[in-house]
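# Understanding the architecture of this molecule
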Amino acid sequence: MDKQNKIIVVGIGPGNPDYIVPKGLKTIQNARYLVGGKRALTEFAQAGQDTCAITADIQGVMAFIRNRLPQADVVVMVSGDPGYYSLLDALRREFAPEQIAVIPGISSMQYAFAKIALPWHDAALVSFHGRVPEAEAIKYQPGKIMGMLTDRNYNSHTIAKILRNNGWPEETEFYICSRLSYEDEAIYTATLQNAADFPVVTHGILIVKS
Ligand SMILES: C[S@@+](CC[C@H](N)C(=O)[O-])C[C@H]1O[C@@H](n2cnc3c(N)ncnc32)[C@H](O)[C@@H]1O
């Protein structure tokens, strides 16, 4: 294998192409081999590029990359930032770290904190995406700020209940962020008590500020 060729993992940001960094966009545009979710491929892939859609068949994606890498770099698009819950984990299990280069992107978490103009340097960040974090990680402390990834089961309604059961006061500020960066972006300012009065948000960002 040509040792020079790399798997270049590009973070494409929260969704709207206005939020991808120029270096990432150039890398995607110049790619010979391009991997990404169907939506990202529709947005960014160009005529003549050899593409592979990321589906549940992750081994199929790995095979595509392994077969093309001897010929040229393979560019892999992931949402948000590659360092924050992305295919980068699986790529590192499959390929040597020296074969991987990363171009960072704006995480949906980072974008959400920006939208409510709240610094996140002291925030606890946890993921409810397919998991429940350890009780210790989500326990209430006065002054605590916490950002959360969500999914279909652990959504803005169920997580509000979980936090109340973990000692968070009912009046805690609760920001419910949906479809960040898209035209139909919505950010609801709620409390843990009245969260159920707002539309349920499944794949979004939640922020609590006590
Ligand atoms: C597998 S994680 C990927 C995180 C991604 N690497 C990042 O840095 O944003 C998927 C979760 O990210 C959040 N997410 C990603 N894009 C989003 C967006 N545009 N608006 C709101 N939440 C988003 C949702 O919680 C979703 O379930």
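Scroll up to find the structure this text is about.
In every chain, residue numbers begin from 1 and rise along the written sequence. In keeping with the predicted nature of the model, local features appear solely for residues at pLDDT of at least 70, side-chain atom pairs appear and are counted solely at 80 or more, and the whole-chain, interface and lining totals rest on all residues. Only hydrogens and water are removed before side-chain values are computed, so all heavy atoms of the structure are retained for them.

The secondary structure listing takes helices from DSSP runs of H or I that are at least 4 residues long and strands from runs of E that are at least 2 residues long, numbered from the N terminus. Topologically, D50 is positioned in strand β3 (residues 50–53). The residues contacting D50, other than those within four sequence positions of it, are R32, Y33, L34, F64 and R68. Identification of polar contacts relies on pairs of N or O atoms within 3.5 Å, with a donor-acceptor requirement for protein atoms, meaning one able to donate a hydrogen and the other able to accept it, and with residues adjacent in sequence counted only if both atoms are side-chain atoms. Of the polar contacts made by the side chain of D50, one reaches the side chain of R68; its length is 3.0 Å. We call two residues in contact whenever any of their non-hydrogen atoms come within 4.5 Å of each other.

Despite not being glycine, R179 has its phi angle at roughly 55°, a positive value. Following the sequence through the fold, R179 ends up in the loop between β8 (173–178) and β9 (186–191). Classification of residues uses two cut-offs on accessible area relative to the type maximum, computed with a 1.4 Å probe and protein chains only: under 20% is buried, over 50% is exposed, and between them is partly exposed. Judged by its relative accessible area of 37%, R179 falls in the partly exposed class. Its identity as a non-glycine residue notwithstanding, S181 has a phi of 80°, on the positive side. Looking at where S181 falls in the secondary structure, it is placed in the loop between β8 and β9. S181 gets classed as buried once you look at its relative accessible area, which sits at 5%.

The next point concerns the nonpolar core. One recurring pattern in soluble globular proteins: nonpolar side chains tend to sit buried together. Within this scheme, the nonpolar core is defined by two criteria: the residues are buried Ala, Val, Leu, Ile, Met, Phe, Trp, Tyr or Cys, and they are joined through side-chain atoms within 4.5 Å. I7, V35, I65, V74, V76, L87 and L91 are the most contacted members of the largest nonpolar core, which totals 20 residues. Looking at this core, the elements that each hand over two or more residues are β1 (7–11), β2 (33–36), α3 (58–68), β4 (74–78) and α4 (88–94). The residues contacting I7, other than those within four sequence positions of it, are I65, L69, V74, V76, L91, F95, Q99, I100 and A101. Core analysis: the second largest hydrophobic core is formed by 18 residues, I138, I162, I176 and V201 among them.

Honestly, it's all geometry; don't read function into it.
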